[in-house]
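Structure assessment
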Amino acid sequence: MAKYRIIDSQVRIGEDFSFYFPIKHTPEDQIALMDECGIEKAVSIPYADPPSIQKGFIRANNLALEIAEKFPRLIPFAQVDPRESDAEKELRRAVKLGAKGVRIFSYHLGPCPDADYMKPIVEAAIDIDVPVMLFCDFNEKFAHPYRIIRLAQKFPKVRIIMESLGGVDTDVTWFLADIYEMAGKPCNLILDTSSPHEMTYVLYEQLISSFGAENIVFGSGAPLFHPKLAIRKLELARISENDRELIFGKNLARILKID
Amino acid sequence: MIIDAHTHMSFEKIIVREPISGLEIESHSADDQIKVMDSLGIDKAVVLTNIGKLPLLTPEQIRDHNATQIKIAKKYPRLIPFALINYCLPEASDDLREAIRSGCRGVKLFCLPFIPIDSSNSYPFFETVQSLKIPVTFHTDFNEYYVSPYRMLNVAKQFPDITFLLAHMGYDYHQIWDFIRRDDVKTRDNLIMETAATPMIPLLIKKSCDLLGPERVVFGSEAHLFPPELGILKIKLAGLEKKNEQLVLGDNMARILGEE
């Protein structure tokens, strides 16, 4: 029996054409990886095809739901472009069919997390009681953590999951103090630790002491990022066993209402 | 053999005040570093800088820093000292010669905005580096204008006899993919990818080895800020052939440093 209940907040399924080295990761591959790493469940976000447009998101949503039917350990999240007129309808449809949250991807053409067009999606998420996960990277002007904090402040009733704590490079460290200072405590911002670098004591030890462990969730960023590294990173952090258990799985189980 | 190409020390607990306040960096002595190395089977480690309260920019700070490096290495031969040099200062070449004469084995550079590293104004300094036959470690970041790996590539083209280690591989994995596919990077044999604080993507290590050759990738941990155990695990998860894994973990750095 695994020492910790691990629920991964962020895995991608399908084929990713966005890199020069295409990645193909089937649901079966993901389940095998979870078995190898002792991960009980994972939030599944299929790659959209075509990428980053509503048509691709709707296909990805259907795929996430199909995958969850066959593999209940893979928890489906919907994806929408909040600028599209049918975004709210698509979110409600996907959640009715089983999606447990919604993920919004931003890049230099938007959508911008703190723009007014986010309002219907966020209000729908509050209404149907699902969290909103946002892609976040401090090197991207429109996916910057400060914009996501502003969204969380504008809508205190929605649970906002900030993906990858804001970035993969070491300099994300410099933004963490800002994040917890700006977000305040208690707050509706949930920090997902998928993807960032290998540093343990700033990412976990100092973050917990300032922000609290209840709003931090474990994520791997698989398949590109290897879950074994993410798990070992959290194991090496000098934090209490209670906090480690919260981050590894208990927090996400609470947020997504998973038994 | 495992050689860590990228470690730091701090002789006291530092509270970083710029660019943000409150970030704590723990103390980490040479004894602490040796204990970490023993626990993980790391034979030797390059010590790049001692992290202190002040930015290391003035001639006095730099000389004091390098003297400490040499003192540590004399007591702990498994720690390989690199000199830190502010190449924008007029005394940079003299300071480097003195540091190497006293026992430093390479040089660590932070690229500074005062003189872009790839401008011809920096060439006299690199001529000194070339004459001393030592490797250079650069801090690199694709998202910082002055420390872009593309600037390092320009310097590496101008000085093909110097071995340049690209610390962090530029951090940003999207841009690392672009960089390692370039023909002028593939053929630039004096440009070495160094894995300290790179994203936790073993595939990056694998693709770097495939495209550039396993002789051009070296393990660095970014200790004590990062746990070296994770840096080693990242390489072990890359699925390299055993002999290539050994090159990355230590043999390449041994060759670069002229170690036995």
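All values derive from a computational prediction rather than experimental measurement. (Residues numbered from 1 in each chain as written. Chains lettered and ligands numbered in written order. Predicted model: local features only at pLDDT ≥ 70, side-chain atom pairs only at ≥ 80, totals over all residues. Heavy atoms only, no water.)

Take the pairing of strand 9 (residues 191-194) of chain B next. All names here are of chain B. Of the two faces of strand 9, both are covered, the one formed by Leu191 and Met193 as well as the one formed by Ile192 and Glu194. With 4 bridges connecting them, strand 8 (residues 164-167) and strand 9 associate as parallel partners. Paired with phenylalanine 164 across the strands is leucine 191, a residue of strand 9. As paired elements, strand 9 and strand 10 (residues 217-218) share 2 bridges and run parallel to each other. (Buried < 20%, exposed > 50% of the residue type's maximum accessible area, 1.4 Å probe, protein only. Helix = DSSP H or I, 4+ residues; strand = E, 2+ residues; numbered from the N terminus. Pairing = 2+ DSSP bridges.)

Residue and element names in this part refer to chain A. Look at helix 3 (residues 87-96) against helix 4 (residues 119-128): their axes get within 9 Å of each other, and the N-to-C directions meet at 25°. By the angle between their directions, the pair helix 3 and helix 4 is classed as roughly parallel. The crossing of helix 3 and helix 4 is right-handed. Across the interface between the two elements, Ala87, Glu88, Leu91, Arg92 and Val95 of helix 3 pack against Pro120, Ile121, Ala124, Ala125, Asp127 and Ile128 of helix 4. Its residues assigned to classes, the contact of helix 3 with helix 4 shows 8 nonpolar, no polar and 3 charged. (Axes fitted to C-alpha atoms, helices over the stretch in contact; angles between N-to-C directions. Parallel < 35°, antiparallel > 145°, perpendicular 65-115°, else oblique. Left-handed = near helix turned anticlockwise from the far one by under 90°. Contact = heavy atoms within 4.5 Å. Nonpolar A, V, L, I, M, F, W, Y, C, P; charged D, E, K, R; others polar.)

With that settled, the discussion passes to the packing of helix 3 (residues 92-102) of chain B against helix 4 (residues 123-132) of chain B. Residue and element names in this part refer to chain B. Direction vectors running N to C along helix 3 and helix 4 enclose 20°, while the axes themselves pass 9 Å from each other. Accordingly, the angle class assigned to the pair helix 3 and helix 4 is roughly parallel. Seen from above, helix 3 lies across helix 4 with right-handed handedness. For the pair helix 3 and helix 4, the contacting residues are Ala92, Ser93, Leu96, Arg97 and Ile100 in the first and Pro124, Phe125, Thr128, Val129 and Leu132 in the second.

Close approach of charged atoms allows side chains with opposite charge to pair. Taken as a whole, this structure holds 36 salt bridges over all chains when the rule is applied. Across the pair A:Lys119 and A:Glu123 runs a salt bridge, and its minimum N-O distance is 3.9 Å. Here A:Lys119 pairs with A:Glu123, and both are found in helix 4, just 4 residues apart, close to one helical turn. A:Glu123 sits in the partly exposed class, given a relative accessible area of 38%. One salt bridge in this structure joins B:Arg97 and B:Asp94, with 3.0 Å as the shortest N-O distance. Remark: B:Asp94 and B:Arg97 occur in helix 3; sequence separation between them is 3 residues, near one turn of the helix. (Salt bridge = Lys/Arg side-chain N within 4 Å of Asp/Glu carboxyl O.)

So, about the packing of aromatic side chains. Applying the stated criterion to the full structure yields 17 aromatic pairs over all chains. Here A:Tyr146 and A:Phe175 contribute two aromatic rings whose centre-to-centre distance is 5.8 Å and whose plane-to-plane angle is 55°, an arrangement assigned as tilted. Residue A:Tyr146 is located in helix 5 (residues 145-154), and its partner A:Phe175 is located in helix 6 (residues 173-183); the two are separated by 29 residues in the primary sequence. Note on A:Phe175: relative accessible area 17%, which makes it buried. Grouped by ring-pair contacts, the aromatic residues B:Tyr123, B:Phe125, B:Phe126, B:Phe138, B:Phe159 and B:Phe164 constitute a single cluster. Residue placement shows B:Arg151 over the ring face of B:Tyr145; its charged tip is 4.6 Å from the ring centre. (Phe/Tyr/Trp six-rings, centres within 6.5 Å; stacked < 30°, edge-to-face > 60°. Lys NZ or Arg CZ within 6 Å of the ring centre and 35° of its normal.)

Here the focus is the nonpolar core. Counting residues in hydrophobic clusters, the biggest one holds 126 residues, and the most contacted among them are A:Leu189, B:Leu109, B:Phe125, B:Phe126 and B:Phe164. The greatest single-element share of this core, amounting to 7 residues, is contributed by helix 7 (residues 201-211) of chain A. What B:Phe164 contacts, discounting residues up to four positions off in sequence, is B:Phe126, B:Val136, B:Phe138, B:Val155, B:Ala156, B:Phe159, B:Asn190, B:Leu191 and B:Ile192. The next biggest cluster of nonpolar side chains, apart from the first, holds 21 residues, and it includes B:Ala30, B:Ile205, B:Ala238 and B:Leu249. (Core = buried A, V, L, I, M, F, W, Y, C linked by side-chain atoms within 4.5 Å.)

All right, on to helix 3 of chain A then. All names here are of chain A. Of all the positions in helix 3, only Ala87, Glu90, Leu91, Ala94 and Val95 are classed as buried. Along the long axis of helix 3, the arc covered by the buried residues comes to 130°, so they all point the same way. Exposed and facing more than 90 degrees away from the buried side of helix 3 are Lys89 and Lys96. Contact partners of the buried residues in helix 3: helix 2 (54-70), strand 5 (78-79), strand 6 (102-104) and helix 4. Glycine 98, located one to two residues past helix 3, shows a positive phi value of around 130°. (Arc of directions from axis to C-beta.)

Here we come to empty space enclosed by the protein. Residue and element names in this part refer to chain A. Scanning the model with the defined rule gives 2 cavities of 30 Å³ or more in all. Every residue lining the second largest cavity is listed: Ser52, Phe57, Val80, Asp81, Arg83, Phe105, Tyr107, Gly110 and Pro111. Partitioning the lining of the second largest cavity into residue classes produces 5 nonpolar, 2 polar and 2 charged. (1 Å grid on protein atoms, 1.4 Å probe; cavity = no way out; pocket = protein on both sides within 12 Å on 5 of 7 lines; lining within 4 Å. Points joined across faces, edges and corners; volume = space filled by probe spheres on them.)

To continue, consider the environment of A:Ala60. Residues and elements named next belong to chain A. As for its placement among the helices and strands, alanine 60 is situated in helix 2. By relative accessible area, which is 2% here, alanine 60 ends up buried. Spatially, the C-alpha atoms of alanine 60 and isoleucine 45 are 7.7 Å apart, while their sequence positions differ by 15 residues. If near-sequence neighbours (up to four positions away) are discounted, alanine 60 is found in contact with Pro46, Tyr47, Ala48 and Gln79.

This paragraph deals with the side chain of A:Thr193. Residues and elements named next belong to chain A. Of note, threonine 193 is situated in the loop between strand 9 (189-192) and helix 7. At 3.0 Å, the side chain of threonine 193 and the side chain of tyrosine 204 are in polar contact. Looking at threonine 193, its side chain comes within polar contact range of the main-chain nitrogen of glycine 219, at 3.3 Å. The contacts of threonine 193, once residues within four sequence positions are left out, are Leu165, Tyr204, Ile216, Val217, Phe218, Gly219 and Lys233. (Polar contact = N/O pair within 3.5 Å; in protein donor to acceptor, adjacent residues only side chain to side chain.)

Here we take up the interface of chain A and chain B. Contacts between the two partners involve 30 residues from chain A, matched on the other side by 37 residues from chain B. In terms of surface lost to chain B, no three residues of chain A exceed A:Phe21, A:Glu198 and A:Leu229, which account for 24% of the buried area on that side. The interface formed by chain A and chain B includes 2 salt bridges. Measuring nitrogen to oxygen at the nearest pair gives 2.5 Å for the salt bridge that ties A:Glu198 to B:Lys234. Elements that contribute at least two residues to the side of chain A that touches chain B include exactly helix 6, helix 7 and helix 8 (227-236) of chain A. Among the elements that take part in the side of chain A that touches chain B, helix 8 of chain A stands out by supplying 6 residues, more than any other. Residue classes in the side of chain A that touches chain B are distributed as 15 nonpolar, 7 polar and 8 charged. (Buried area = accessible area lost by both parts, 1.4 Å probe.)

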